[in-house]
Amino acid sequence: MSSSTLFGEDDPWARQRTSGVEVDMTSMIDCTFLLLIFFMVCSTMQSQPDIDLPVAAHSIGVDTQGASLITILAGAFNEPPRILLGDGVGDEVALDEVRRFVSDAVAAGNSRIVVKAEGDVSHGFIEDVARQIVAVEGAQLYMGVGDTPEDSQP
Amino acid sequence: MSISTRKIGALVPCAICGAEVLVPAEDDFTPARTAAPPPEVVFATPTEPVSEPPVEPPPWREPLPSAPQNQPPDEPSTLANADKNAAAIDEDFTPLLIKSSRFAEEELDLTAMVDVVFQLLIFFMVTASFSLQKSIEVPTPDQPRQGVSRALQPLEELQDVAILVSVDERNVVSVDDEPLADLSQLADVLSDRMRRDRKSELIVTAARNAAHRTVISVIDAANEVGMQRIRLGTAKLGAD
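Cut-off values and rules
- The residue count restarts for each chain, going from 1 along the sequence in the order it is written.
- All chains are assigned letters beginning with A, and all ligands numbers beginning with 1, in the order in which they are written.
- In keeping with the model being predicted, local features are shown solely for residues with a pLDDT of at least 70 and side-chain atom pairs are shown and tallied solely at 80 or more, while totals for entire chains, interfaces and linings include all residues.
- To get the side-chain values, all heavy atoms of the structure are used, and hydrogens and water are removed first.
- Strands are runs of DSSP state E lasting at least 2 residues, helices are runs of H or I lasting at least 4, and numbering of each runs from the N terminus.
- Note on areas: Shrake-Rupley with a 1.4 Å probe; residue coverage comes only from the protein chains shown.
- Burial classes: relative accessible area under 20% of the type maximum marks a residue as buried, over 50% as exposed, and values in between as partly exposed (1.4 Å probe, protein chains only).
- Think of a polar contact as two N or O atoms within 3.5 Å of one another; within protein, one of them needs to be a possible hydrogen donor and the other a possible acceptor, and neighboring residues in sequence only count if both atoms come from side chains.
- At least two DSSP bridges between two strands are required for those strands to pair.
- Only heavy atoms enter the contact rule, under which two residues are in contact if any of them lie within 4.5 Å.
- The angle between two axes is taken between their N-to-C directions and runs from 0 to 180 degrees, where each axis is a line fitted to C-alpha atoms and a helix contributes only its stretch in contact.
- When the centres of two rings from Phe, Tyr and Trp lie within 6.5 Å, Trp using its six-membered ring, the rings pair. Their planes under 30 degrees apart give stacked, over 60 give edge-to-face, and anything left gives tilted.
- Accessible area, probed at 1.4 Å, shrinks when two parts are joined; the buried area is that loss added up over both.
- A side-chain nitrogen of Lys or Arg and a carboxyl oxygen of Asp or Glu constitute a salt bridge if their distance falls within 4 Å.
- Residues are grouped as follows: nonpolar covers Ala, Val, Leu, Ile, Met, Phe, Trp, Tyr, Cys and Pro; charged covers Asp, Glu, Lys and Arg; every other residue, Gly included, is treated as polar.
- One less than the number of residues in a helix, times 1.5 Å, gives the span that helix is expected to have.
- To obtain the arc, one takes the directions from the helix axis to the C-beta atoms.
- Handedness of a crossing is defined here by the sense of rotation of the near helix relative to the far one, left-handed for an anticlockwise turn of less than a right angle and right-handed for a clockwise turn.

S.K.: I'd like a rundown of the overall build of chain B, residues and numbers included.
M.R.: Helices and strands together make up the secondary structure of chain B, namely 6 helices and 8 strands. With an accessible surface of roughly 14900 Å², chain B has 53% of that area assigned to carbon and sulfur atoms.

What follows is the structure, given as structure tokens:
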């Protein structure tokens, strides 16, 4: 049933639809501003280092603000892996210096230690680093992983 | 009763009597606080004929007691009609409402600002990273102990209660000494073993030269099938 049949020529709504109907956008603008402030505060603009992390479908998110990161890069041919105290960048240290770094981190309140090791690093070397970390009382060890290809697709 | 400032100077029908009246400007419209309208206010239309009969006040309105009855004799008769019109509507049509309606009509155009805010919002939503590092909890190796405190459990003893997964130096994964052709089958094999043997514990032993990627894949498969406990063995295979 068309509106012309219902109201005839004097359709009061037809006149209102064409004259000065405005939508109150105040609430939408308020929500938009709140979302904008939230994302501006929570987002970080740092770029991710190029590390070939092993992928895992089942993982947990560890807040890096309250954790200490150790990066282990696979060395060149016939060279040992490199240990960096930081997320992709940092001082390169030897294996026995990891424990002191972890001790300082735990003393500073960062008990979560995230090891971001490349997938080509040997398991034995990872095990040695892990032993240095768990030797510090209170340290919690996490292994950094990457997204699976299915997770990376939008 | 109020009216938009856009109607100033226009002829509008009176909401009460229906007669056409001229909407005065706010500066021109200064009626007295009392019921008597000022004589300088003119509500009559310029095209209105002089001989038009006066507009009757609404029947529910009482005659204004304080209305001035002494018209100046030199005033035109149009003013008399205007006085009656003004007296009929002045109780609701106050200048204060006209002022508020003027401010209500002055609105800022927020369209450009909303567009910019939406652009910023989309940018931050797309580029946001919440400082979270995807991680998995891995079983920590025991510290090497010497003397009587060192308690080792042989794998044969653990095989009765746990599923043994080994990774050799060529990254070949074996489940209970049965090598797997493809690592993607590990989750299905573990699920079958859990259901068939009623085991919910996993022990991973990897060679020192095995790739860290393979060990993580084994632990991820164990998490996928819901293995309750994952332990990391330190058996030295291959080169060691």
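S.K.: Account for the environment of Arg208 of chain B, naming residues and giving values.
M.R.: For Arg208 of chain B, the position within the fold is in the loop between β7 (201–206) and α6 (212–224). Here Arg208 of chain B falls in the partly exposed class, since its relative accessible area comes to 25%. Sequence separation between Arg208 of chain B and Glu169 of chain B is 39 residues; the distance between their C-alpha atoms is 7.1 Å. Among the polar contacts made by the side chain of Arg208 of chain B, one reaches the side chain of Asp128 of chain A at a distance of 2.8 Å.

S.K.: Can you explain the sheet that holds strand β8 (residues 229–233) of chain B? Please cite residues and give values.
M.R.: All names here are of chain B. Spatially, 5 strands are ordered β6-β5-β4-β7-β8 in an open sheet, and the strand pairing comes out mixed. In this open sheet, the two strands that pair with only one neighbour each are β6 (178–179) and β8. Relative to β6, strand β5 (residues 173–175) is paired through 2 bridges, and the arrangement is antiparallel. For Ser174, the partnering residue across the bridge sits in β6 and is Pro179. Where helix α5 (residues 186–197) meets the sheet, its contacts fall on β4 (163–167), β5, β6 and β7, and the angle it forms with β5 comes to roughly 15°.

S.K.: Help me get a handle on the packing of aromatic side chains, residues and values and all.
M.R.: Tallied over the entire structure, the rule returns 2 aromatic pairs over all chains. Ring geometry for Phe38 of chain A and Phe39 of chain A: centres 5.3 Å apart, planes at 75°, overall edge-to-face. Residue classification places Phe38 of chain A among the partly exposed residues on the basis of a relative accessible area of 42%. When its relative accessible area of 11% is taken as the criterion, Phe39 of chain A is described as buried. Residues Phe123 of chain B and Phe124 of chain B carry aromatic rings whose centres are separated by 5.3 Å and whose planes lie at 75° to one another, so their mutual orientation is edge-to-face. Among the residues examined, Phe123 of chain B registers a relative accessible area of 43% and is labelled partly exposed.

S.K.: Residues and numbers for the interface of chain B and chain A, please.
M.R.: With 43 residues of chain B at the contact, the number on the chain A side is 54 residues. Buried area between chain B and chain A, both sides added, is near 4200 Å², and the carbon and sulfur share of it is 62%. Taken together, the connections running from chain B to chain A amount to 3 salt bridges. Linking chain B to chain A there are 17 residue pairs in polar contact (both at pLDDT 80 or more). Of all the secondary-structure elements, those providing two or more residues to the side of chain B that touches chain A are α3 (111–127), β3 (132–137), α6 and β8 of chain B. The element that contributes the greatest number of residues to the side of chain B that touches chain A is α3 of chain B, accounting for 9 residues. Residue composition of the side of chain B that touches chain A, by class: 23 nonpolar, 12 polar and 8 charged. As paired strands, strand β6 (residues 140–144) of chain A and β3 of chain B are joined by 3 bridges and run antiparallel to one another. Within β3 of chain B, the position partnered with Met143 of chain A by the bridge is Ile136 of chain B.

S.K.: How would you summarise α3 of chain B if you had to cite specific residues and measurements?
M.R.: In this model, α3 of chain B (17 residues) spans 25 Å end to end at C-alpha, consistent with the 24 Å of a helix rising 1.5 Å per residue. All of the buried residues in α3 of chain B are Val114, Val117, Leu121 and Phe124 of chain B. Seen from one end, α3 of chain B has its buried residues packed into an arc of 95°, which puts them on one side. In α3 of chain B, the exposed positions angled more than 90 degrees off the buried face are occupied by Ala112, Gln119 and Val126 of chain B. Packed against the buried residues of α3 of chain B are α3 (26–42) of chain A.

S.K.: Outline the packing of α3 of chain A against α3 of chain B, supporting the account with residue identities and numerical values.
M.R.: Two numbers describe how α3 of chain A lies on α3 of chain B: the axes approach to 9 Å, and their chain directions differ by 35°. In the packing of α3 of chain A onto α3 of chain B, the handedness of the crossing is left-handed. Across the interface between the two elements, Met28, Ile29, Thr32, Phe33, Leu35, Leu36, Phe39 and Met40 of chain A from α3 of chain A touch Met113, Val114, Val117, Phe118, Leu120, Leu121, Phe124 and Met125 of chain B from α3 of chain B. Here the residues of the contact of α3 of chain A with α3 of chain B sort into 15 nonpolar, 1 polar and no charged.

S.K.: Can you explain unusual backbone geometry? Please cite residues and give values.
M.R.: All names here are of chain B. The backbone of Asp176 sits at a positive phi, close to 50°, despite the residue not being glycine. Looking at the element boundaries, Asp176 is found in the loop between β5 and β6. We classify Asp176 as buried; its relative accessible area is 14%. A positive phi angle is found at Asp177, which is not glycine, with a value near 65°.

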